[in-house]
Structures are given as C-alpha cells and as structure tokens.
Amino acid sequence: MNLELRQLRYFVTVAEELHFGRAALRLHMTQPPLSQTIQALEELLGAAVFERNRRGVTLTPAGSALLPEARRMLAQAQELPQLVQRAAAGEVGRLTLDFVSSADYSVLPPFLRAYRAAYPQVQITLQEATSDLQLDDLLHNRIDAGLLIPPLPDKARAELDYLPVLREPLVLAVPAGLPALNKRGKQALHALPALPALPALPLIIFPRAISPALYDAILSVFRDAGVTPEIGQQAIQMQTIVGLVSAGMGMALVPQSVSNLMRPGVEYRALAHTTPLVETGLAWRRDNASPVLRGFLELLRNEVRKTALC
C-alpha cells in the first residue's frame, strides 16, 4: 500500500472543513485535484471516507475511524526530523554498561546522576560484572562500555580504547573488635600498626583469574610487610568479601571506596604504609560509532577533569 502523507493531510483538512472548496483554499490548491486525491485515497483503502450529497460532506464510519489515526501519523511525521537529530546527537537511544562492584561505591553513582541529568531520554542498561567478563563482552560487541580494573590484555588493547577515571589506595577490612585496632571510632579509616602486629587472620580475596593486577597488588602489600597471608575464602563480589569479613571469616584488602559499604561487624582501616593504587577505568570498542556512547564519553571526560578523580 503506497499511502502518502499528502493524502492523509488532504483528508484531515477536508474532514475538518467538511467542504471541498474551503479545504482547497486552506491547502492553496484548486478543488479538482483535491477531489481526485481523496478518490485515490478511497480506492487505496477500499472504502469511502466521505459521504457527498446535496446537503454537503460528512464523514462515513470508515472516515471517522481514519481521522484520529491520520492525525496521529501526521503528528509523528512532523516529529521525525527532531527525533533523527536527537538520535544523531546521542540524546536518545540506549547505552549498555558493565561495571565492577567497587565502582558502585565510587565513580558509578555520580557519573550516572550527571549523565541522567544531561541525557534523560537515553535508556541505560547496567550489569555488574568482573573485569574478565567485561572484556569478553566488549570484544564480542555485547556492551557499549565497561567500568573495569586494568590492565587490558594485548588482544583487548588492539580493539579497545581506555580512559582511567579513578586511582585509590587499598584499605584493610577487618572484623570489628580486634584488640590491635585503634579504638578511636568504628567504620573510619584510622591508621593501623604494621601488618605483622595484627592478629593472624585468613585473607579473603577473589580468584586471581578475575583481576590478576589487583590480586597481585594485594599480595604485594603483605610481601612488602614480610607477611605471608593464609588464603581463606574466595569471593567474586566486593560486597560478598565484606560480608565474609563481617562474619569473622577473615580480613580483606579492598579499594578505599569500598569503605562506603557500611556493614555491621566490619571496620575499615588505613594501613600505616603506602599501598599500590588501584585504578578503575572505562573501556569501549574503538570501532563503536554510537552517538550515545560518544555523548557518554564526553560527559565522563568532563567529570573526570572536574572532580580530579584521575
């Protein structure tokens, strides 16, 4: 069916005027071609839309059913240029974003608030995932971007771009009430004595395959202190690790932002010596030309510069 918007516009005008002559004047045309267009429309639809008699013009039941739909289609057609322009500017569409659990306590909430304020019509799909799974999703083009912990493997660097957004130290999460802790307050980052002075507790950590760099950085803190930790429980998510600490299952070294996760039975303490900095950054496919992603990256870069997160 080769239905034209012109035919619908002529039909709506005649339906509003209920007079072909007045409708022709509104349309800046003569009456014969208007009548021919309406006849062609009726033939196309297979039903009469106007009843013509000596008393004038009235809508048929078919015409009455067509009128609101014709108005809706014409209104949508008028909105198309603006819709296309907004899509080209990244103001509408969809963004799929993976994130490591630690980002949920640091950079993710403020970034999402800023992005939502700037692009309220973009639909954001979020999924928590470990860095290794994010890299697989990115390389197979299943997501637009991922907040992850570097480094990127050689194969990933060949296809992905990367922007660092946060660097932070490691802090110790320990069960509350340990005698060696300075009791100046709970859930605060008070300095601890050196690691060897702490009671021997199993280390709760994630599997090395998930994020080798962070795993090695954590163990390097103990190695530099001359301590060989006993590896106890392993968990994938930071909230699970903190939950195991609260249950008295051991201690953990976590990025400082995880201390925002308040859990009864857990105290976060800064170490007496400098720790390696844990980096969180955004990775995305270099060949992803999505305007939505482009807008997200522009906003993210501005937020990083403004807040000096990196």
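The present account deals with the structure reproduced in this document. In this text, all values refer to a predicted model and were calculated from it rather than measured experimentally.

Let us look at the overall build of the protein. Scanning the protein from N- to C-terminus turns up 10 helices and 13 strands. What you see for the protein is a C-alpha radius of gyration of 32 Å, clearly larger than the 19 Å of a compact globule of 310 residues, by over 25%. Its C-alpha atoms give the protein principal-axis dimensions of roughly 105 × 40 × 35 Å. In the protein, which comprises 310 residues, the share counted as buried stands at 46%. For the protein, the proportion of contacts with a sequence separation of at least 24, taken over those separated by at least 6, is 71%. Carbon and sulfur atoms form 54% of the exposed surface of the protein, whose accessible area is close to 15700 Å². Seen as two clouds, the 30 positive and the 28 negative side-chain charges of the protein have centres 5 Å apart.

A few words on unusual backbone geometry. For the bond from Pro150 to Pro151, the omega torsion is 10°, close enough to zero to count as cis. Note on placement: Pro151 falls in the loop between β5 (145–148) and α7 (154–157). With phi around 50°, Leu18 is a residue other than glycine that occupies positive phi space. Its place among the elements puts Leu18 in the loop between α1 (5–17) and α2 (20–26). Judged by relative accessible area, Leu18 falls into the partly exposed class, the value being 35%.

Attention shifts here to the packing of aromatic side chains. Per the stated rule, a full pass over the model turns up five aromatic pairs. Their ring planes at 45° and their centres at 5.4 Å tell us that Phe11 and Phe50 sit as a pair that is tilted. Placement of Phe11 in helix α1 and of Phe50 in strand β1 (residues 50–53) is noted, with a sequence separation of 39 residues between them. Both residues of the pair, Phe11 and Phe50, belong to the buried class. Here the aromatic rings of Phe206 and Tyr215 are separated by 6.3 Å at their centres, their planes lie at 70°, and the arrangement is edge-to-face. When its relative accessible area of 12% is taken as the criterion, Tyr215 is described as buried.

So, about the pairing of strand β7 (residues 170–175). With six of its six residues buried, β7 lies for the most part within the structure. Here four bridges tie β7 to strand β11 (residues 252–255), and the two strands are oriented antiparallel to one another. Across the sheet, residue Val171 finds its bridge partner in β11, namely Val254. Relative to strand β12 (residues 266–270), β7 runs antiparallel, the two being bridged by five bridges. Paired with Ala173 across the strands is Tyr268, a residue of β12.

Attention now moves to the side chain of Glu303. You can see Glu303 is positioned in helix α10 (residues 291–307). The class of Glu303 is buried, set by a relative accessible area of 12%. For Glu303, the contacting residues outside a window of four places in its chain are Phe111 and Ala114.

Now for the side chain of Ser257. As for its placement among the helices and strands, Ser257 is situated in the loop between β11 and β12. You can call Ser257 buried: its relative accessible area is 8%. With near-sequence residues (within four places) excluded, Ser257 lies in contact with Ser102, Tyr105, Ser106 and Glu168.

Turning our eyes to something else, we now look at the nonpolar core. With 72 residues, the main nonpolar core has Tyr115, Val165, Phe206, Ile218 and Leu282 as its most contacted residues. Sorting elements by how many residues they give to this core places α10 first, with seven residues. Judged by nonpolar contacts, the second largest core, of 21 residues, contains Phe11, Val12, Phe50 and Leu74.

Further remarks concern the sheet that holds strand β4 (residues 122–128). Overall, mixed pairing links the five strands, which are arranged β4-β3-β5-β13-β6 in an open sheet. With partners counted over all chains shown, the strands left at the sheet margins are β4 and β6 (160–168), one partner each. In this sheet, adjacent strand axes meet at a mean angle of 20° when their direction is disregarded. Judged from the seven bridges that link them, strand β3 (residues 93–99) and β4 form a sheet pairing that is parallel. In the sheet register, Phe99 faces β4, and the bridge partner there is Glu128. The sheet contacts of helix α5 (residues 108–118) involve β3, β4, β5 and β6, and relative to β4 the element is tilted by about 165°.

Okay, helix α6 (residues 131–139) next. Every buried residue of α6 is accounted for by Ser131, Gln134, Leu135, Asp137 and Leu138. Projected onto a plane normal to the axis of α6, the buried residues spread over an arc of 160° and lie on a single side. The elements touched by buried residues of α6 are β3, β4, β5, α7, β6 and β13 (278–285). With its phi angle positive at about 60°, Asn141 sits one or two positions after the end of α6.

Thresholds applied
Residues numbered from 1 in each chain as written. Predicted model: local features only at pLDDT ≥ 70, side-chain atom pairs only at ≥ 80, totals over all residues. Heavy atoms only, no water. Helix = DSSP H or I, 4+ residues; strand = E, 2+ residues; numbered from the N terminus. Rg over C-alpha atoms; globule rule 2.2 N^0.38 Å. Buried < 20%, exposed > 50% of the residue type's maximum accessible area, 1.4 Å probe, protein only. Contact = heavy atoms within 4.5 Å. Areas by Shrake-Rupley, 256 points an atom, 1.4 Å probe, with all protein chains shown as cover. Lys, Arg positive; Asp, Glu negative; His and termini not counted. Charge placed at Lys NZ, Arg CZ, Asp CG, Glu CD. Phe/Tyr/Trp six-rings, centres within 6.5 Å; stacked < 30°, edge-to-face > 60°. Pairing = 2+ DSSP bridges. Core = buried A, V, L, I, M, F, W, Y, C linked by side-chain atoms within 4.5 Å. Axes fitted to C-alpha atoms, helices over the stretch in contact; angles between N-to-C directions. Arc of directions from axis to C-beta.

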